[in-house]
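# Secondary and tertiary structure notes
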Amino acid sequence: MSEFYPKIVAFCCYYCAYSAADLAGSMRLQYPSNIRLVEVPCSGRVDVLMILKAFEKGADGVYVAGCLEGDCHFLKGNYRAKKRVLYAKKILDEIGIGGERLEMFNLSGSSGPRFAEIAEEMVTRISKLGPSPLNSRLVSFPNCKDATAGN
Amino acid sequence: MIVAENKPFHDILGLIEDAKKILIVGCGGCVAVCLSGGEKEVGVLASALRMSRKKEGNPLETVEVTLPRQCDPEYMDMLKGYVKEDIDCILSLGCGVGVQFIAERFSKWVIPAQNTKFAGGTIAHGIWEERCGLCGECILYKTGGICPIIRCSKSLLNGPCGGSQNGKCEVDKNLDCGWQLIYDRMKKFGKLDLLLKIEPPKDWSKSRDGGPRKVVREDVKIS
Ligand code: SF4
Ligand code: SF4
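Because the structure is a prediction, the values reported are computed rather than measured.

### Things to note about the domain arrangement of chain B
Assigned domains within chain B: domain 1 (2-118) and domain 2 (133-206). Averaged C-alpha coordinates put domain 1 of chain B and domain 2 of chain B at centres separated by 38 Å.

This is the structure we're talking about:
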């Protein structure tokens, strides 16, 4: 019986989530290898089109990880990202892909454990939802269930 | 600028349901400025349409192009290379003018992706408001630079009506009464006496009632 192995794209701000991912790696924290990280200079760089393209190209879930509210290196990028994520959720609902496959998270650069936790949280959520309606993939990748962060 | 807003997604989906390959044309003019029909909006709509159709098992092919403007023939020329035989229809994100210019130029079925709303301006990022009713004979010099046609819900020329209360319009209490705005401004400039003059009925033949309007400038014609 084949197992669903969700593909998840995470747009990670360089100043927080991306550094947190690095930290998670240095701390040897395990997080699921389903996550494809895309480094962005600020979560505010993420726009609706980038999110939609990720789904169109095969992602089962997408999340944007920016700095804690009030802590954006560029002041308001994470607030802008939040609004765009909400708008993209609406579009995903209209298309029938489902806005719940997309989420916005806020964390700081020192939150290595939180980074791993978010990754787990998204993998659990998307696993429950099943593959994106655009993907009829139901394949198993037996040897890559978990990978060590930073490897 | 001309302010437009995308039609509901499912309406657009319905309008292209028979098509297998469409040309989606954006406009770099007003609708790009009001963030409804520029290059990025073309990309978002195209992606959403493709995904929706793929999900239904009826894939849609899209070709995307954004012209500097859709309301000038020289930019319309740029479309020639895109309007190929296999394009089933053209979806325009221009205002109503753009849609018509495409329809006049090419013998392809053209569909508007937008509802063209009004002539207005940006109040804040993400907020646009109507300012001019394109009446063809501007009377702003009589009203302190505030348009009674648009800012008064009843387009009164001799306002306010009896429904003006505490500066708000009786049609919607969230709306400023246009005539209160006019009165306050005229008072500020010491020109209240101008408001005592009765404004005669407007000649609407200079507006929409006179058929499609045209402006001709012999001095700038090149042929
Ligand atoms: S008076 Fe006419 S032209 Fe002037 S702003 Fe109002 S609608 Fe526009
Ligand atoms: S309340 Fe003011 S804006 Fe509203 S209809 Fe009357 S005059 Fe016009």
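### Examining a nonpolar patch on the surface
All names here are of chain A. A surface patch of nonpolar side chains, about 310 Å² in accessible area, is lined by Tyr14, Tyr15 and Phe74. Looking at the element boundaries, Tyr14 is found in the loop between strand 1 (8-13) and helix 1 (17-26). A residue is classified by how much of its surface remains accessible, and Tyr14, at 41% relative accessible area, is partly exposed.

### Brief notes about the nonpolar core
Within the largest apolar cluster, 43 residues are counted, with the highest numbers of intra-cluster contacts made by Ile51(A), Val62(A), Ile22(B), Leu49(B) and Leu91(B). Residues contacting Ile51(A), with those up to four places away along its chain left out, are Phe11(A), Val46(A), Val62(A), Val64(A), Val85(A), Ala88(A) and Leu102(A). Core analysis: the next-biggest nonpolar cluster, separate from the first, contains 24 residues, Cys12(A), Ala65(A), Cys67(A) and Ile126(A) among them.

### Focus: the confidence of the model for chain A
In the predicted model, chain A carries a mean pLDDT of 90, and the fraction of residues at 70 or more is 89%. Across residues 137-151 of chain A, where pLDDT falls below 50, the model places 36 contacts with residues more than four positions away in sequence or in other chains.

### Focus: the interface of chain B and chain A
Facing the 12 residues of chain B at the interface are 14 residues of chain A. For the pairing of chain B and chain A, the buried interface totals around 1,200 Å² over both sides, and the portion due to carbon and sulfur atoms is 67%. When residues of chain B are sorted by the area they lose upon contact with chain A, Val44(B), Met51(B) and Lys55(B) head the list and together hold 46% of the total. Summed over the shared surface of chain B and chain A, the number is two salt bridges. For Asp47(A), the salt bridge goes to Lys40(B), with nearest N and O atoms at 2.9 Å. For the pair chain B and chain A, the number of links is four residue pairs in polar contact (both at pLDDT 80 or more). Those elements giving two or more residues to the side of chain B that touches chain A turn out to be helix 1 (9-15) and helix 3 (39-55) of chain B. With 10 residues, helix 3 of chain B is the largest single contributor of residues to the side of chain B that touches chain A. Looking at the side of chain B that touches chain A residue by residue, the classes come out as four nonpolar, four polar and four charged.

### Details of the sheet that holds strand 2 (residues 21-27) of chain B
Residue and element names in this part refer to chain B. Read from one edge of the open sheet, four strands run 3-2-4-5, paired in parallel fashion. Both outer strands of the open sheet, strand 3 (61-67) and strand 5 (110-112), are each paired with one neighbouring strand and no more. Taking each pair of neighbouring strands and ignoring which way they run, the sheet shows an average axis angle of 25°. Note: strand 4 (residues 89-92) against strand 5, three bridges, orientation parallel. Looking at the pairing, Ile90 lines up with Val110 of strand 5.

Thresholds, definitions, all that
- Residues numbered from 1 in each chain as written.
- Chains lettered and ligands numbered in written order.
- Predicted model: local features only at pLDDT ≥ 70, side-chain atom pairs only at ≥ 80, totals over all residues.
- Heavy atoms only, no water.
- Domains from an automatic or database assignment.
- Patch = residues over 30% accessible without salt bridge, like charges linked within 9 Å, V, L, I, M, F, W, Y side chains within 5 Å.
- Areas by Shrake-Rupley, 256 points an atom, 1.4 Å probe, with all protein chains shown as cover.
- Salt bridge = Lys/Arg side-chain N within 4 Å of Asp/Glu carboxyl O.
- Helix = DSSP H or I, 4+ residues; strand = E, 2+ residues; numbered from the N terminus.
- Buried < 20%, exposed > 50% of the residue type's maximum accessible area, 1.4 Å probe, protein only.
- Core = buried A, V, L, I, M, F, W, Y, C linked by side-chain atoms within 4.5 Å.
- Contact = heavy atoms within 4.5 Å.
- pLDDT = per-residue confidence, 0-100.
- Buried area = accessible area lost by both parts, 1.4 Å probe.
- Polar contact = N/O pair within 3.5 Å; in protein donor to acceptor, adjacent residues only side chain to side chain.
- Nonpolar A, V, L, I, M, F, W, Y, C, P; charged D, E, K, R; others polar.
- Pairing = 2+ DSSP bridges.
- Axes fitted to C-alpha atoms, helices over the stretch in contact; angles between N-to-C directions.

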